[in-house]
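Structural features, examined
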Amino acid sequence: MFKLGWFVDGYRPQTWRGTWAGDNRHEWTGSSFWVDIARAVERGGFDLLFMEDTSMIDDTYRGSTETALQYALEAPKNDPMPLMPLLAQATQHVGLVSTISTVQYHPFLAARLATTLDHLSNGRIGLNIVTSVSHRVAQNFGLDEMYDHDQRYAMAEEWMEAVSMLWDSWQPGALVLDRREPRFADHTKVKPIEFVGKYFKTRGPLNNPPGPQRRPVITQAGTSEAGRELAAAHADAMLSIAKTPDQMRDLRADMNRRLIAHGRRPEDLHIFFMSKLFLGWSDREAQERHDESDRKKHDPQSIESALWHLSYFSGGNVDYSTYDLDAPMPTELGNGQVSTMKHLVEGAAGAKTLREVITQPGQMQGIEFVGSPGTVAEQMNEAIAESGGQDGFLIYGTEDELTRKSVAEVTDGLCAVLRDRGYIRGSYRKATFRENLNDWS
Ligand SMILES: Cc1cc2nc3c(=O)[nH]c(=O)nc-3n(C[C@H](O)[C@H](O)[C@H](O)COP(=O)(O)O)c2cc1C
């Protein structure tokens, strides 16, 4: 059996002019589209719906926001946090993960917000902890430029310690709720934490009582040395990129060693590997859709979008519009999403030039599965078995679109087959997100 998560690349207009986009140009700002996606994902039996977030309009590419705003690339973007309770109200079981940045949120604000959301969602909230990578984000939050990679992770480690202490600042039994005595809460069980670190200081205690999970589910998406350590110490789930079952197995083996070193068990961490699906009525139709998607990578607009994304992932350090497309791939990767960049460049086997890297078949897509639902179900199951058998996939769409249709192909097409064959859960048996995540029955 394996786990499934759905990756939403931001609360933004994603497919705003594609064939099946509906009226997403206008609709994306409200909740109706996202509610439909969340309901579908729950119908499919997914563990989680994950929402990416960043707080800026990037201008690394050509030193301008023009391309970002012309094509709606990672912008505009609403804040996903207020969407979470709306999705929670429209669903009953699926875990809801919103991204939160350790540069943008003070630990007290984050811990209090997450606890509030945990109450509102009846224990179904998760936080994806990111360090933010871009100078533009840093500048929106009072810094001149983003901290370097190691400093960001040192800050994130301290942030996690502070929020964890805040979530434990109400001891078990602190909430008395005795009307006769009367006593709402026992003040001897609600204690300051007096946290003083290099980056953050917070006295505590939290001024709201623990939610159903006490500590929301924590996910972490960096796979650098520091990212892995952060996940090993604190995360319930890791969101990761691998191209092959061997790479999946290597990451799992490495994380098992780190988890044990942190006094945790391998089963305490679930790894979700980014994957892209190409589905069809038949294997042949699916292959045609896949090949068409590869062909589109050579369109001038797709090339510009790929160069824009490389510049974006570099964290504001490298403008890929300045390089010759047919010269050797530049070695400078920037201070941004370092492991994502390495995956892109190293994953493009045999590609030498910038053009070859960005037009490589299967590039930028984690692990790919192509075929009818029955074929893809077997491919997914084999990949999990080959990689060690305890993780799952983070689906980020079919072809290049996020539409009601593309989601339904997975949740109502593929998932029905996965369920029939016993590869994914038949139903949600537990109450909270974390309990369901840890349930393999
Ligand atoms: C699946 C996935 C989701 C991510 N989501 C976000 C996000 O929402 N916001 C963000 O700023 N960075 C996001 N990132 C970037 C990571 O947080 C991290 O910065 C990046 O993977 C580089 O990590 P590393 O420096 O440890 O290699 C995501 C990365 C991956 C692989």
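Every chain begins its residue count from 1, and numbering advances along the sequence as written. This being a predicted model, a pLDDT of at least 70 is required before a residue's local features are given, and a value of 80 or more before pairs of side-chain atoms are given or counted; all residues contribute to the totals for chains, interfaces and linings. To obtain the side-chain values, all non-hydrogen atoms of the structure were included, while hydrogens and water were left out.

1. Thoughts on the environment of Leu-117
The numbering of helices and of strands both runs from the N terminus, where a helix is a DSSP run of H or I of at least 4 residues and a strand a run of E of at least 2. Mapped onto the elements of the fold, Leu-117 is located in helix H5 (residues 107-120). Only protein chains enter the accessibility calculation, which uses a 1.4 Å probe; a residue whose area is less than 20% of its type maximum is buried, one above 50% is exposed, and one in between is partly exposed. The exposure class of Leu-117 is buried, given its relative accessible area of 5%. As for Leu-117 and Met-84, which are separated by 33 residues in sequence, their C-alpha atoms are 7.5 Å apart.

2. So, a nonpolar patch on the surface
A patch consists of residues whose relative accessible area exceeds 30% and which take part in no salt bridge; residues with like charges are grouped when within 9 Å of each other, and nonpolar side chains (Val, Leu, Ile, Met, Phe, Trp, Tyr) when within 5 Å. Only the protein chains shown count as cover for residues, with accessible areas throughout obtained via the Shrake-Rupley method and a probe of 1.4 Å. In the sections that follow, a salt bridge refers to a side-chain nitrogen of Lys or Arg positioned within 4 Å of a carboxyl oxygen of Asp or Glu. Residues Leu-175, Leu-177 and Phe-184 make up a contiguous nonpolar surface patch of about 320 Å² in total accessible area. With respect to the helices and strands, Leu-175 occurs in strand E5 (residues 175-178). Residue classification places Leu-175 among the partly exposed residues on the basis of a relative accessible area of 37%.

3. A look at helix H10 (residues 283-296)
Look at H10: 20 Å from first C-alpha to last across 14 residues, which is about the 20 Å you get at 1.5 Å a residue. Taken together, the buried positions of H10 are Ala-286, Arg-289, His-290, Ser-293 and Asp-294. One side of H10 holds all its buried residues, which, seen down the axis, span an arc of 140°. The exposed residues of H10 that point more than 90 degrees off its buried face are Arg-284 and Arg-295. Residue contacts follow a heavy-atom distance rule, with two residues in contact if any of their heavy atoms lie within 4.5 Å. Buried residues along H10 sit against strand E11 (270-279), strand E12 (367-371) and helix H15 (404-420). Given the number of residues in a helix, its expected span is that number minus one, multiplied by 1.5 Å. Directions are taken from the helix axis to each C-beta atom, and the arc is the one they span.

4. Some words on the nonpolar core
Nonpolar cores were defined as sets of buried Ala, Val, Leu, Ile, Met, Phe, Trp, Tyr and Cys residues, with membership established by side-chain atoms within 4.5 Å. Formed by 111 residues in total, the largest nonpolar core has its most connected members in Leu-4, Trp-6, Trp-34, Met-380 and Phe-393. Tallying contributions element by element places helix H7 (residues 149-167) first for this core, with 9 residues. In this document the domain limits rely on a domain assignment from an automatic tool or a database. Three or more residues apiece are contributed to this core by two domains, here domain 1 (3-165 + 208-283 + 366-437) and domain 2 (288-359). Not counting residues within four places of it along the chain, the set of residues in contact with Trp-6 comprises Val-41, Phe-46, Leu-48, Leu-49, Phe-50, Leu-394, Ile-395, Gly-397, Leu-402, Ser-406, Val-407 and Val-410. Within the second largest apolar cluster, 13 residues are counted, among which are Phe-50, Val-217, Met-274 and Phe-433.

5. A closer look at the domain arrangement of the protein chain
Domain parsing of the protein chain yields domain 1 (3-165 + 208-283 + 366-437) and domain 2 (288-359). Placing the centre of domain 1 and that of domain 2 at their C-alpha centroids yields a distance of 23 Å. Residue-level contacts link 38 residues of domain 1 with 26 residues of domain 2. A 1.4 Å probe defines the accessible area here, and the buried area is the portion of it lost by two parts on being joined, summed over both. Overall, the association of domain 1 and domain 2 removes approximately 2,700 Å² of surface from exposure, summing both partners, and the carbon and sulfur fraction of that is 52%. Its salt-bridge partner being Arg-289, residue Glu-409 comes within 3.1 Å of it at the nearest N-O pair. In protein, a polar contact means a hydrogen-donor-capable atom and an acceptor-capable atom, both N or O and within 3.5 Å, with residues adjacent in sequence counting only if both atoms are side-chain atoms; elsewhere, any N or O pair within 3.5 Å suffices. Remark: the boundary between domain 1 and domain 2 carries 7 residue pairs in polar contact (both at pLDDT 80 or more). Residue assignment for the side of domain 1 that touches domain 2 shows that the elements contributing at least two residues are helix H3 (66-71), H7, E11, E12 and H15. When residues of the side of domain 1 that touches domain 2 are assigned to their parent elements, the largest contribution, 3 residues, is made by H3.

6. Remarks on the packing of H5 against H7
Where H5 contacts H7, the two axes come as close as 9 Å, and the packing angle between them is 50°. The pairing of H5 with H7 is recorded here as oblique in orientation. Helix-helix and strand crossings are classified by hand; for H5 and H7 the assignment is right-handed. Residues Pro-107, Phe-108, Ala-110, Ala-111, Ala-114 and Thr-115 of H5 lie in contact with H7, whose contacting residues are Trp-159, Ala-162, Val-163, Leu-166 and Trp-167. Its residues placed into classes, the contact of H5 with H7 shows 10 nonpolar, 1 polar and no charged. Lines fitted to the C-alpha atoms define the axes, with helices restricted to the stretch that makes contact. Angles between their N-to-C directions range from 0 to 180 degrees. An angle counts as roughly parallel when it lies under 35 degrees, as roughly antiparallel when it exceeds 145, as roughly perpendicular when it falls between 65 and 115, and as oblique in every other case. Here a crossing is called left-handed whenever its near helix is offset anticlockwise from the far helix by less than a right angle, and right-handed whenever the offset is clockwise. When residues are sorted by character, Ala, Val, Leu, Ile, Met, Phe, Trp, Tyr, Cys and Pro go into the nonpolar class, Asp, Glu, Lys and Arg into the charged class, and all the rest, Gly among them, into the polar class.

7. Topic: the packing of helix H14 (residues 373-387) against H15
Following both chains from N to C, one finds H14 and H15 inclined at 55°, their axes separated by 9 Å at the closest point. One element, H14, and the other, H15, form an angle in the oblique class. Crossing of H14 against H15: the hand is right-handed. Packed against H14, whose contacting residues are Pro-373, Gly-374, Val-376, Ala-377 and Met-380, the element H15 presents Gly-413, Leu-414, Val-417 and Leu-418 at the interface. Residue composition of the contact of H14 with H15, grouped by class: 7 nonpolar, 2 polar and no charged.

8. Notes on the packing of aromatic side chains
Aromatic contacts are taken between Phe, Tyr and Trp rings whose centres are within 6.5 Å, Trp giving its six-membered ring; a plane angle under 30 degrees counts as stacked, one over 60 as edge-to-face, and the others as tilted. With the rule as written, the count across this model stands at 13 aromatic pairs. Ring geometry for Phe-7 versus Tyr-396: centroids 6.1 Å apart, planes at 80°, classification edge-to-face. Of this pair, Phe-7 sits in strand E1 (residues 3-8) while Tyr-396 sits in strand E13 (residues 392-398), placing them 389 residues apart in sequence. Taken together, a centroid distance of 5.7 Å and an interplanar angle of 75° make the contact between Tyr-11 and Trp-34 edge-to-face. Of this pair, Tyr-11 sits in the loop between E1 and helix H1 (24-27) while Trp-34 is found in helix H2 (residues 32-43), placing the two residues 23 residues apart along the sequence. The rings of Phe-2, Phe-369, Phe-393 and Tyr-423 are connected pair by pair, giving a single aromatic cluster. Ring-over charges, as used throughout, are those where CZ of Arg or NZ of Lys falls within 6 Å of the ring centre and within 35 degrees of the ring normal. Cation over ring: Lys-3 sits above Trp-440, and NZ or CZ is 4.5 Å from the ring centre. The side chain of Arg-17 reaches across the aromatic face of Trp-16, ending 5.2 Å from its centre.

9. Some words on the pattern of salt bridges
Within this structure, the stated rule accounts for 32 salt bridges. A salt bridge links Asp-246 to Arg-249; the shortest N-O distance between them is 2.6 Å. Taken together, the residues Asp-246 and Arg-249, both in helix H9 (residues 245-261) and 3 residues apart, mark about one turn of the helix. On the accessibility criterion, Asp-246 (43% relative accessible area) is partly exposed. Here Asp-268 ties to Arg-265 by a salt bridge, and the two come within 2.8 Å at their closest N and O atoms.

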